[in-house]
Amino acid sequence: MTSTLLRGRTLSFVSWPETIDDHSAWRYEEDGGLLIRDGRIIAAGAYTQVEKQAGEAAKRIDHRPHLLLPGFIDAHVHFPQMQVIASYGAELLDWLNTFTFPEETKFSNAQHGRRIARLFLDEMVRHGTTTVAAYCSVHKASAEAFFAESHDRNMLNIAGKVMMDRNAPDGVLDTPQSGYDDSKALIAQWHGKGRQLYAITPRFAITSSPQQMEMAGALCREHPGLHMQTHLSENHAEIAFTRELYPWSRDYTDVYEHYGLLGKKSLFGHCIHLSEREADALSDSGSVAVFCPTSNLFLGSGLFDYQRFRRRDKPIRIAAATDVGGGTNYSMLRTMDEGYKVIAQNGEKLNPFQSFWQMTRGNAEALSVAEKIGTLDEGTDADIVVLDARATPAMRLRMETAETLAQELFLLQTLGDDRAVREVYVAGRAAKTDMAI
Ligand SMILES: [Zn+2]
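These notes cover the structure that comes with them. Going along each chain's sequence as written, the residues are numbered from 1 onward. Residues qualify for local features only when their pLDDT is at least 70, as the model is predicted, and side-chain atom pairs are given and counted only at 80 or more; totals for whole chains, interfaces and linings, by contrast, use all residues. Side-chain metrics rest on all non-hydrogen atoms present in the structure, leaving aside hydrogens and water.

Okay, the packing of helix α12 (residues 332-345) against helix α13 (residues 352-366) next. Running from amino to carboxyl end, α12 crosses α13 at an angle of 125°, the nearest separation of the two axes being 9 Å. Here α12 lies oblique to α13, going by the angle between them. Along this stretch, α12 crosses α13, giving a crossing that reads as right-handed. Contact residues: α12 offers M332, L333 and M336, while α13 offers S355, F356, Q358, M359 and N363. All axes are obtained by fitting lines to C-alpha atoms, using only the stretch in contact for helices, and the reported angles, taken between N-to-C directions, cover 0 to 180 degrees. Put simply, DSSP H or I for four residues or longer makes a helix, DSSP E for two residues or longer makes a strand, and each gets a number counted from the N terminus. Each angle receives one of four descriptions, namely roughly parallel if under 35 degrees, roughly antiparallel if over 145, roughly perpendicular if within 65 to 115, and oblique otherwise. Handedness of a crossing follows from how the near helix is turned relative to the far one, being left-handed for an anticlockwise turn of less than a right angle and right-handed for a clockwise one. Here a residue-residue contact requires only that any non-hydrogen atoms of the pair lie within 4.5 Å.

The following block contains the structure:
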């Protein structure tokens with residue numbers, strides 16, 4: 001069996017970097033090596049040590065002076081919204097009704113779904129992202145298209161058919177029964193096939209009737225190992241409408257709580273305007289709040305209180321995400337740059353190590369997949385991004401005065417995008433291609 005030996009400056013996280021000097025939180029090798037076989041990292045460390053295990057036949061690829069990191073992870077994104085991104089002038093509910101729902105009706109056509117799934121995964125990989133938690137459209141065919149494309153590329157992706165049975169055009173509605181049946185069939189067909197993972201995906205409380213929420217809860221009970229993903233507390237009009245639709249609920253979170261949708265594998269997009277009770281409920285259940293800074297800014301939804309959520313007596317688990325097409329960029333570098341600014345608006349800072357922890361190990365832990373991805377640890381899947389901090393003239397110039405790894409990472413986050421991504425490995429295979437529309 002042939003193996004591949006990558007050489008470069010390797011960086012991988014061990015734990016949350018409390019401060020910029022918390023060297024115990026990461027492993028950095030100025031001259032690092034990664035030995036890959038059968039899609040996995042089988043040795044990692046100083047190049048001279050790893051090289052001894054490689055053998056003559058190993059294919060050697062030298063990425064010096066670039067950085068090798070675990071592939072980025074995007075914890076919330078809508079693959080059918082590639083032609084919704086950059087739609088002008090609306091807040092959440094108008095944006096959904098005017099742009100998003102009409103666009104998603106097109107995904108009843110399997111061929112369209114397959115094309116966009118292909119272009120979507122091309123684009124994610126091009127930006128250094130090797131795993132996403134994706135919403136498909138309501139149509140079963142859209143999830144089939146996504147999983148088929150993801151499986152062909154041997155990517156570890158989490159996805160689900162959206163369940164929605166009201167408050168949207170007919171072309172994007174299912175019924176409580178068909179939503180349940182289609183989800184069930186997709187789970188049987190795709191969950192655990194290769195690296196594919198299924199997420200039960202009620203879009204949000206507004207577009208699911210109480211009967212459908214019951215069905216979503218039933219799916220979670222019947223498949224306790226699965227992820228559940230939905231939206232929570234993004235925008236004031238959304239919160240008010242949810243209260244009207246579920247008048248008995250204590251608050252928005254209570255709606256999901258009532259139907260048994262909170263838990264360690266539950267991913268809640270946005271979580272901007274939570275009360276203390278709601279934050280406690282998320283914390284007590286181990287649920288994950290997903291920070292989507294470019295989307296929250298673009299739609300004018302509000303500022304996610306990242307550091308307060310981490311610091312409170314009952315901390316909330318946090319993931320970060322692009323939320324394309326409400327989000328405005330496919331890049332996790334661009335996302336965390338905007339994230340930094342949002343956190344700054346709350347009078348806090350996110351240091352560059354924390355930021356890169358979040359894009360890699362932090363998101364892997366939040367998605368409960370850290371034993372497989374998100375680090376460069378031996379035995380994990382070889383999903384790797386190669387970053388070039390001198391990718392553009394402006395970056396090159398700024399790098400002349402960068403003296404530390406922290407400064408280089410912050411520069412990558414602040415000025416970097418897809419141009420800084422030199423190569424991407426998915427399960428050990430070089431996977432970066434230019435999007436061929
Ligand atoms: Zn979303």
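The next thing to look at is the environment of G128. On the secondary structure map, G128 appears in the loop between α3 (110-126) and β6 (129-135). Residue class for G128 comes out buried when judged on its relative accessible area of 0%. Along the chain, G128 and L415 lie 287 residues apart, while their C-alpha atoms are 15 Å from each other. Not counting residues up to four positions away in its chain, the partners in contact with G128 are G71, F72, V385, V421 and V424. Summary of the burial criterion: residues with accessible area below 20% of their type's maximum are buried, those above 50% are exposed, and those between are partly exposed, where the area comes from a 1.4 Å probe applied to protein chains only.

Only Phe, Tyr and Trp rings are paired, with Trp represented by its six-membered ring, and only when their centres lie within 6.5 Å; those with planes under 30 degrees apart are stacked, over 60 edge-to-face, the remainder tilted. Applying the stated criterion across every chain, the model contains 20 aromatic pairs. Ring geometry for W16 against Y306: centres 6.5 Å apart, planes inclined by 35°, an arrangement best described as tilted. Of this pair, W16 sits in the loop between β1 (4-13) and β2 (26-37) while Y306 sits in helix α11 (residues 306-311), and the two are 290 residues apart along the sequence. Ring plane angle 5° and centroid distance 3.6 Å describe the contact between W26 and F353, whose orientation is recorded as stacked. Taken as a pair, W26 in strand β2 and F353 in helix α13 lie far apart in primary sequence, 327 residues in all. Each member of the pair, W26 as well as F353, is classed as buried. Taken together, the ring pairs connect F79, F107, F120, F146, F147, W190 and Y198 into an aromatic cluster.

Turning our eyes to something else, we now look at the coordination of the zinc ion. Only H76 (NE2), H78 (NE2), H231 (NE2) and D323 (OD) from the protein reach the zinc ion as donors, at distances of 2.1 to 2.5 Å. The donor set covers N, O and S atoms within 2.8 Å of the metal, switching to 3.2 Å for Na, K and Ca, and it leaves out water, so a site may look short of donors. Angular criteria define each label, namely tetrahedral for four donors with all angles between 85 and 135 degrees, square planar for four and octahedral for six donors with opposite donors over 155 degrees apart and remaining angles between 65 and 115, and irregular for whatever fails these tests. In this structure, the zinc ion is coordinated by four donor atoms arranged in irregular fashion, with angles at the metal of 87 to 169°. Motif for the zinc ion, donor spacing along one chain: H-x1-H-x152-H-x91-D. Within this pair, whereas H78 is found in strand β5 (residues 72-78), its partner D323 is found in the loop between β13 (317-320) and α12, the two being separated by 245 residues in sequence. Grouping residues by exposure puts H78 and D323 together as buried.

What follows deals with the sheet that holds strand β15 (residues 421-426). When DSSP finds two or more bridges between a pair of strands, those strands are recorded as paired. With mixed pairing, the seven strands of this open sheet are ordered in space as β3-β2-β1-β4-β14-β15-β16. The open sheet is flanked by β3 (40-46) and β16 (429-430), the only strands paired with a single partner. Across six bridges, β2 lies against β3 in antiparallel orientation. Residue R37 lies in a different strand from β3, and its bridge partner there is R40.

Quick look at the state of the cysteines now. When two cysteine sulfur atoms are found within 2.5 Å, that pair is recorded as a disulfide. Scanning the model with the defined rule gives zero disulfides in all. C271 supplies the cysteine sulfur nearest to C220, a cysteine that is in no disulfide, at a spacing of 16 Å. Among the cysteines around C292, which has no disulfide bond, C271 carries the closest sulfur, lying 8.8 Å off. By relative accessible area, C292 is classed as buried at 0%.

Moving on to the environment of F107. Its place among the elements puts F107 in the loop between α2 (92-105) and α3. Look at F107 and you get buried, because its relative accessible area is 1%.

This part is about the pairing of strand β11 (residues 266-270). With five of five residues buried, β11 lies mostly within the body of the structure. In the sheet, β11 pairs with strand β12 (residues 288-291) via three bridges, with the strands oriented parallel. The residue of β12 that forms the bridge with L267 is V288. Viewed with both strands pointing away, a crossover whose connecting path from the first strand over the helix to the second turns clockwise is right-handed. In terms of handedness, the path from β11 via helix α9 (residues 276-285) over to β12 forms a crossover that is right-handed.

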